[in-house]
Amino acid sequence: MSALNAPSTRYVAPVGRDERIWLAFAVVWCLFLFVIMYVWQFFGEQRTPIESYRIEPSEFRALTQDYIASHRIGEVEGVPIVVPTDGGEAFLAARAFQFEPVLQLKVGESVRIYLSSYDFQHGLSIQPLNLNFQVLPGYVYVVNLTPTTTGEFGIICNEFCGLGHHVMSGRIIVTE
Amino acid sequence: MTTATAPTPSGLLWRVCQVTGYRVYTPVQRLILVNAVAAVVSLTLGGILALMMALTRWEAVSLLPAELYYRFTSAHGVLMLVFWIVFFEIAALLFGGTILINHRLKGVRFAWIYSVLMVVGAIVTTATTLSGHANNMFTAYPPLVNHPMFYVGILLFAVGALLGACHFVYQVWTARREGVVAGPLPLVVYALLAAAIIAIWTLLHGAVAYVPALLQSLGLITLDAAVYRTLFWGFGHGAQQINLAAMVAVWYALAAITTGARPVNEGLSRFAFVLYLVGINMGSMHHLLVDPGIGMHARIINTSYFMYAALLGSLIHAFSIPAALETAQRARGYTNGLFEWFLRGPWREPGYSALMISVIGFGFIAGVSGVLMGTMQLNMLIHNTLFVVGHFHATVVLGTTVAFMGLAYYVVPLVAKRDLAFLGLARWQPALYGTGLLTMIGGMMLAGKLGASRRVWDPSFSGAPLQVESLTSPLMTFANTLIGLGAIVAVAGGAAFVLIMVATVFFGRRSDKPAVGTLGIIAGDQGPRSDVEIPEYDHHAKRFQAPGTTTLVFIFLVWFVAMFAWAAFNLGNVGWGVS
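Scoring rules and cut-offs
- Residues numbered from 1 in each chain as written.
- Chains lettered and ligands numbered in written order.
- Predicted model: local features only at pLDDT ≥ 70, side-chain atom pairs only at ≥ 80, totals over all residues.
- Helix = DSSP H or I, 4+ residues; strand = E, 2+ residues; numbered from the N terminus.
- Buried ≥ 20, exposed ≤ 12 C-beta atoms within 10 Å, placed from the backbone.
- Contact = placed C-beta atoms within 7 Å.
- Rg over C-alpha atoms; globule rule 2.2 N^0.38 Å.
- Pairing = 2+ DSSP bridges.

**Topic: the overall build of chain A**
- Across its full length, chain A carries 2 helices and 12 strands.
- Ordered by position in the sequence, the α and β elements of chain A form the string α-β-α-β-β-β-β-β-β-β-β-β-β-β.
- Over its C-alpha atoms, taken along the principal directions, chain A stretches across nearly 80 × 35 × 30 Å.
- Expressed as a percentage of its 176 residues, the buried residues of chain A come to 49%.
- Taking the intrachain contacts of chain A between residues at least 6 apart in sequence as the baseline, contacts between residues at least 24 apart amount to 55%.

Right, dumping it as C-alpha cells:
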C-alpha cells in the first residue's frame, strides 16, 4: 500500500539498520547546531549583539544631535563626521533617508555604538563586511564593534523604509 | 485501505474514477477546481510581476521606475506567498478530506462560503496593492502602514482559509466517527492534517497581527515596532511551516503516484510530522535574530525550533522518501550499482521530475541555507540581504511550488475529467522551471553574499549622497545578470504550467478516463497498480535495503556540514570584533 492508502493495521515498526544509523547522525547534527550557538556567543569573536533599551525617538534624536555637536571633526557630502567619546561610545542614527553621523573609528579600539531610528524601521548594513542589523524606532540597539582593518566602509539601509530607500546610505571611516 | 462501509455510488452525487478507482463525491469537484483556478490566476499575476521586478534590478535593463518596483514587490509577495500557495492548499485539503478517504463533503455550502470569502479577500487586497495603496510591502512594518483595504482583504482571505482548515479537520473527524475511515489515516492525509493544524494556529496568529495593523492603518492605535514584528512573524513563519508540511505530503503522494512507492516506515514518517507540530510556533525569530529587544535564550531556543525538532523531522523525510522510491525502482529491476534506480527513474513523467527537483532543490539549497540563516551569529551576514530572497525562493518556489505543480498534473485532469493538455510540454515544464529557478536563486545568493540588499529598486544605491563602491563589481553585475536571465527562464516555465492548466480545465478533451502523465497512474484506491509487486521494507535485514539512499543522505550531510563550516569561516573572516 502506498502513502495514499491507509496502512493495513499496525504501522509502528522497528526502525531499520540504515535508518537507525542515519537518525543517529541526524540527532547529533541537530544537537551540534543547537549547542554551537551558545558556544559561539560565549567564546566567538563575532557575537550577536543582545543588549538593547527602549527610548523615545525624540529623545534619541536629541542625544544624537548633542553628541554630533560635541564630537564633530568634519563633514562629507553634508553629513557630519564624528569621533567616539573618550569612553569609546558613539551614536548612530537612521532616518529617512540617511545614516548620520559618519563615524571615524581607530583600528583596534572598541566602540560602543547606540543604534536607533528617528522615524521608520531601517536596516544597518556595513559593506563590504556585510554585517547587518535591524534598526527599530523606540529601541536602542547596542552594537560593540572592534575594527581590525582601516579604510572607508559603506553603510546601506536594507530594510524598506519608503520611496527614498534606495538612496539611504552612510559611512564608517577607520584610521590607524 | 479505507473501508467500503459508505453507501455505494449512486445517483448524481458519486462517481468512481476510472483511472484511480477512488469514489468521488461529485459536489467537491467544482470546489477543488475553483480553488485551483484561483491559485493559478494568482500565480500568473505574480509571475508577470516577478519578471518585471527581476528586469528592474538587472542594471542592463532597469525596466520599472522606483514607485512601480516597490508597488509590484508588495503585490508579488502577497500574490505568491499567500494567495497562490493557500488557494492550492485549500484545494489539496478539499481533495484529501474527501476523495482520499472516500468521504462525502459535509457542508458543501459552507465550503462555497469560505472559498468565495477567500476570492473576495484576494481581489480586495490585490486591487488595493496594484492601485498603489500598499507600497510598503506585505510586511508593512510600523510606523509604515498600508491602506486599510489591504488589511481588510487579507483578513477576509485569512478567515476563509481558517474556516477551510477547520473544515478539513471536521471532515477527518466525521470520517472517523461515521466509520468511513476505520483504521489509521493514509499517510498523505495524516500529513495534510498536520498542515491543517499548523494552519489553524498560524491563521489565528495572523489575526493577532493583522487586526491591530488594520486599527493602526485607520489611525486608531499606534503599534510598537518590535511587538509588531514578533506578532507578524508568528504568522509569517508559521505560514512557511504549513507550506513545508503540505509540500512533504505532496512528496509522499507523488512518490506513490509515479512509482507506487510505499513508505519505508509509516510510524517514523508520522513521528516526523509530529515533530513539525512541536516546532509549530517556533522559528518566528529567524526574522528577528539581529533585532533589538530580545534576549539570548529566547533567540536561540526559538530559532532552533527547540534543539532543531523540526529539522530532525525533515531529516527523517530526507531518508524516507528517496528510500521509498529506491525500493520501488529496485523492485522494477533497476538494481545495478548504487544509483541505477535513480538514473533510470521515470524522468519523462512530469510528476516524477517535479518530485525529484523539489526534493533535491529543497534539501540541498533551501533547507541548508535556512539552517545557516537561522543560526544566530551567522544571521548577521545574511539578514535582509538578497541571500534571504534566494533562500525563500528555494523553499517556496523550487520546493513547494514545483511539488504543487507536479500534483496538479494529476489531480486537475482527474477532477475536471479532461485529458491533460500538452503532455509533451508538461514533460519538460518542471526541468525548464527548475533550471530558471536554480539560475535565479544562485544569482540571488551570490548577490546577497556580496552585500546586495533585498527590496531595493537600485541595488547599487547609485543615487545616494555617500557612495558605496563595493556594491558595484563585475561579480555583482554577473549575479544580477543571472537573476535576470534565470527569472526569464523561470517565468517561461511558469507560463508553460499556466498554459497547460488553462488548456486542460477549459479546453481539454472530456473523458471519463482522462489521460494523465505517461505512466497512467500507478497508485490509486486499491494501492499500487500491479506492474510489479513492491516489497515491504525489511526492517530486520542486516544488509542495507536502500544503499543508494543511504549514500545520498550522507553526501547531503557532508554538503550540509561543509556549507556550515564555510559560513562560519566567512563570519570569522569579517575580522572585526562584534558583540
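**A word on the overall build of chain B**
- When helices and strands are counted, chain B shows 15 helices and 5 strands.
- Its C-alpha radius of gyration of 23 Å places chain B within 12% of the 25 Å reference for a compact globule of 579 residues.
- Counting only C-alpha atoms, chain B reaches 75 × 55 × 45 Å along its principal axes.
- Going through the 579 residues of chain B one by one, you find that 62% of them count as buried.
- Considering only contacts in chain B between residues 6 or more positions apart, those separated by 24 or more positions represent 84%.

**Quick look at the environment of Ser 2 of chain A**
- Looking at where Ser 2 of chain A falls in the secondary structure, it is placed in the segment before α1 (17-43).
- Residue Ser 2 of chain A is classed as buried on the basis of its 26 C-beta neighbours within 10 Å.

**Re the pairing of strand β8 (residues 122-127) of chain A**
Residues and elements named next belong to chain A.
- With 6 of 6 residues buried, β8 is to be regarded as a mostly interior element.
- As paired strands, β8 and strand β9 (residues 131-135) are joined by 5 bridges and run antiparallel to one another. Directly across from Gly 123, in β9, lies its bridge partner Gln 134.
- Here β8 folds back onto β9 in antiparallel fashion, the turn holding 3 residues, of which Asn 130 has a positive phi close to 60°.
- Sheet topology places β8 next to strand β11 (residues 151-157); 4 bridges connect them, and they run antiparallel. Within β11, the residue paired with Ser 125 across the bridge is Ile 156.

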